[in-house]
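If you want the building blocks of each chain, they are given just below.
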Amino acid sequence: MPPAPSSARHSLATCPVCGGREFRPVMLVGPHPVVRCTQCQLQFANPQPSDAELAAIYGPSYVLVENDPVGEAMVLQSKRATADHYLDLLAEAGVGPKGKLLEIGCGSGNFLRQAAQRGFDVTGVEYSEFACARARAVLEGRGRVLHGEISVLAAESAAYDVCVLCDVIEHVRNPGAFLGEIQRLLRPGGVILVVTPSLASWSHRFLRSRWMEFKEEHLLYYAPDTIRRQLTQAGFEQVTLRKGVKKLSLDYVAAHFKKYPVAGITQLLRLLQAITPAAWSRHLFPIVASGLVAVARRAPSRS
Ligand SMILES: [Zn+2]
């Protein structure tokens, strides 16, 4: 039997972005304190939840999956439309559609599927065995899906043209080391695309401490300045940032706030759903929600 996950929480003495040592308390997320670095303004969980606490959160139901086929179709439609949007951003950055694409935290494989359809040779790495099985089914034999963490790629180097991290970096205990690994996996001049919640988003400004991105499993809360600094420190260049756009329907947003209730918002969405014709509730709209998208490049050659 594998050893039980540790119940020790991880205290950070230095800020994961700037190395600063002075933090101010922001709030509690569940039992976990979030602090702000006085030097770079990064907000982060400190101490971080233990391995045991995180393992209890990342169960089979962690990926938002509906029990009914209509709900599932709605989630799929939204995820694939959002994936297409990110692939368009990569195309704008001169990436693809041919080439080797790596996604860390590929979930149920919807981004990989859209990328494979455009001609990318895709590899996904996923921590959840349940999600891995779904991703393999979704890909129908194209590409490969590896179970585990980024360390499963330890034997590869400079192998990929592009690496995608959708809602992943905020879950990582040591983002500097993690991005260093991605540097190593990208070919010189390769591109990284990072999607993460942003403290500069309208939803955070509006909801403040009720922001839906304050979750126990989110260890890092970036803003444009801090994600730029994190990427630059890891050796990435030409960082461009934009507001994250997701393609969402009213039904999708209502389902999300039913799972993660926010006082007032959940009830308002339920009311809106009740008075909106079904066909409109399912229509996808581009919504600037809670995140940012950063695109950056590994230096053309090793310095
Ligand atoms: Zn800092």
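Description of the structure in this document. (Residues numbered from 1 in each chain as written. Predicted model: local features only at pLDDT ≥ 70, side-chain atom pairs only at ≥ 80, totals over all residues. Heavy atoms only, no water.)

For the bond from N46 to P47, the omega torsion is 0°, close enough to zero to count as cis. With phi around 50°, E140 is a residue other than glycine that occupies positive phi space. Its identity as a non-glycine residue notwithstanding, A158 has a phi of 50°, on the positive side.

Attention shifts here to the coordination of the zinc ion. Tetrahedral coordination by four donors sets the ideal angle at the metal to 109.5 degrees; octahedral coordination by six donors sets it to 90 or 180 degrees. Protein coordination of the zinc ion is provided by C15 (SG), C18 (SG), C37 (SG) and C40 (SG), with donor distances spanning 2.3 Å. Of note, the donors binding the zinc ion are all from one chain and are spaced C-x2-C-x18-C-x2-C. With C15 in the segment before β1 (23-29) and C37 in strand β2 (residues 32-37), the pair connects residues that are 22 residues apart, well separated along the chain. Across the pair, exposure class does not vary: C15 and C37 are buried alike. (Donors = N, O, S within 2.8 Å, 3.2 Å for Na, K, Ca; no water. Helix = DSSP H or I, 4+ residues; strand = E, 2+ residues; numbered from the N terminus. Buried < 20%, exposed > 50% of the residue type's maximum accessible area, 1.4 Å probe, protein only.)

So, about the packing of aromatic side chains. For the structure shown, the criterion picks out six aromatic pairs. Measuring from centroid to centroid gives 5.2 Å for F23 and F44, while their planes differ by 85°, and the two rings are edge-to-face. With a gap of 21 residues between them, F23 in strand β1 and F44 in strand β3 (residues 43-45) connect regions that are remote in the sequence. Taking the relative accessible area as the measure of exposure, F23 reaches 22% and is therefore partly exposed. When the centroid spacing of 5.3 Å and the interplanar angle of 80° are considered together, the rings of W211 and F214 count as edge-to-face. By the burial criterion, W211 is buried, and F214 matches it. Taken together through their ring pairs, the aromatic side chains of W211, F214 and Y221 make up a single cluster. Over the ring of Y160 we find K100; its NZ or CZ atom is 5.1 Å from the centre of that ring. Above the ring of Y260, the side-chain terminus of K215 is found at 4.3 Å from the ring centroid. (Phe/Tyr/Trp six-rings, centres within 6.5 Å; stacked < 30°, edge-to-face > 60°. Lys NZ or Arg CZ within 6 Å of the ring centre and 35° of its normal.)

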